[in-house]
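# Structure assessment
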Amino acid sequence: MADSKRVLLASPRGYCAGVDRAVETVERTLDKHGAPVYVRKEIVHNRHVVDTLIERGAIFVDETDEVPEGAIVVFSAHGVSPEVHKTAAERSLQTIDATCPLVTKVHQEAKRFARDDYDIVLIGHEGHEEVEGTAGEAPEHIQIVDGPDAVDNVKVRDDSRVIWLSQTTLSVDETMETVGRLRERFPELNDPPSDDICYATQNRQVAVKAMAPRCDLVIVVGSQNSSNSQRLVEVALQNGAQASYLVDYARDIDLAWLDGVSTVGVTSGASVPEVLVRGVLDLLDEHGYSDVETVTTAQETLTFSLPREVRPARNPR
């Protein structure tokens, strides 16, 4: 049995600026217009956040054609393709776009390089909403590469006019491995003008890397469909944690995981409210893990302004 029990708590963890902005956008839209407010796809990939907004009157739909004509629809943090904007306009929907500004940046890069007639290799998970939205900006120029093993399938017209872009929530290490494989095939491969993997994704992975070697178990709070949360489990296992699991809530923890464990690492994905992390810490405390040490690898201060439709009115001087 483990004698000294402790928790290493990763920092940064939890909400990033893009998620904060997206969730507040839906809340303010409900405050301003009342229920129902329609949201295309999950506003962020977190079960608790989505359920809480449903209780307040948000209605989540898969496509804009499920929204009554003329109603308000919020687009999720993951972004949408031009086709979605077009179908929304055809139905006279009032759209409020909660796309994360860092995702919008990747969309702009895709449009720019498509205009310049590059072949664009988009590194990302096939079927993920963010990838579908970015690819939709220039479908005839973009090929999706889902990990290093998919590199062999890439076909380009001109080896000197190829650029890679990426989904914002990937594993930094795996993405660079994919880029390395691409560069072996296309030595003149161009890099994006700035890093596409978002600061929050990178920071959360760096914090887990720092604590994983000291952990018998790493618990990542996050939902199964959250790409950045799934990556944290992988990073923990690749960097020395004996075991790692993804849970939505403290109640999802199997107490058998704690058998013989002295050090538990705790972190959370970028779409996870801190209340869920507190629930996990409380449960661990009940089982003797009351000594909590925070492992800090970065300070985050970035914030994004809200979409103009829901910004608070300025007070007249």
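You'll find the structure just up there.
Structure report, in brief. All figures in this text were calculated on a predicted structure; none of them were measured in a lab.

Formed by 26 residues in total, the largest nonpolar core has its most connected members in Val26, Ile43, Val44 and Val74. If you list the elements that add at least two residues to this core, you get helix H1 (17-33), strand E2 (37-40), helix H2 (47-56), strand E4 (72-75) and helix H4 (101-115). With five residues, H1 is the single largest residue contributor to this core. Among all residues touching Ile43, those that are not within four sequence positions of it are Ala22, Val23, Val26, Val49, Leu53, Phe60, Val74, Phe75, Ser76, Ala77, His78 and Ala98. Membership of the second largest hydrophobic core comes to 23 residues, among which are Val221, Ala243, Val247 and Tyr289.

Judged by pairing direction, the sheet is parallel, and its three strands sit side by side in the order E7-E6-E8 without closing on themselves. In this open sheet, the two strands that pair with only one neighbour each are strand E7 (142-145) and strand E8 (162-166). Strand-to-strand twist of the sheet, defined as the mean angle between neighbouring strand axes without regard to direction, takes the value 25°. One ladder, built from four bridges, connects strand E6 (residues 119-123) with E7; its direction is parallel. Opposite Leu122, over in E7, you have Ile144 as the bridge partner. Strands in contact with H4 are E6, E7 and E8; relative to E8, the strand with the most contacts, it is inclined by about 165°.

Taken as a whole and assessed by the stated rule, the structure comprises two aromatic pairs. With centroids separated by 5.3 Å and ring planes inclined at 85°, the aromatic side chains of Phe113 and Tyr118 adopt a geometry described as edge-to-face. Lying over the aromatic face of Tyr118, Arg161 brings its terminal NZ or CZ to 4.4 Å of the ring centre. Across the ring face of Tyr249, the terminal group of Arg251 is positioned such that the distance to the ring centre comes to 4.1 Å.

The next point concerns empty space enclosed by the protein. All told, the structure shown has two cavities of 30 Å³ or more when counted by the stated rule. Around the largest cavity, the lining is made up of 23 residues, and of these Val19, His78, Thr168, Thr169 and Asn228 lie nearest the centre. Elements with a minimum of two residues in the lining of the largest cavity: H1, H4, helix H7 (199-211) and helix H8 (227-238). Examining the composition of the lining of the largest cavity, we find that three residues originate from one element, H7, more than from any other. Residues that form the lining of the largest cavity fall into these classes: 11 nonpolar, 11 polar and one charged. Its boundaries defined by the atoms lining it, the second largest cavity holds a volume of some 80 Å³. Lining the second largest cavity, in full, are Ile123, Gly124, His125, Val145, Asp146, Gly147, Leu170, Ser171, Glu174, Thr175, Thr178 and Arg231. In terms of residues, the lining of the second largest cavity owes the most to one element, helix H6 (residues 172-185), which gives three residues.

What counts, and where the lines are drawn
Residues numbered from 1 in each chain as written. Predicted model: local features only at pLDDT ≥ 70, side-chain atom pairs only at ≥ 80, totals over all residues. Heavy atoms only, no water. Core = buried A, V, L, I, M, F, W, Y, C linked by side-chain atoms within 4.5 Å. Buried < 20%, exposed > 50% of the residue type's maximum accessible area, 1.4 Å probe, protein only. Helix = DSSP H or I, 4+ residues; strand = E, 2+ residues; numbered from the N terminus. Contact = heavy atoms within 4.5 Å. Pairing = 2+ DSSP bridges. Axes fitted to C-alpha atoms, helices over the stretch in contact; angles between N-to-C directions. Phe/Tyr/Trp six-rings, centres within 6.5 Å; stacked < 30°, edge-to-face > 60°. Lys NZ or Arg CZ within 6 Å of the ring centre and 35° of its normal. 1 Å grid on protein atoms, 1.4 Å probe; cavity = no way out; pocket = protein on both sides within 12 Å on 5 of 7 lines; lining within 4 Å. Points joined across faces, edges and corners; volume = space filled by probe spheres on them. Nonpolar A, V, L, I, M, F, W, Y, C, P; charged D, E, K, R; others polar.

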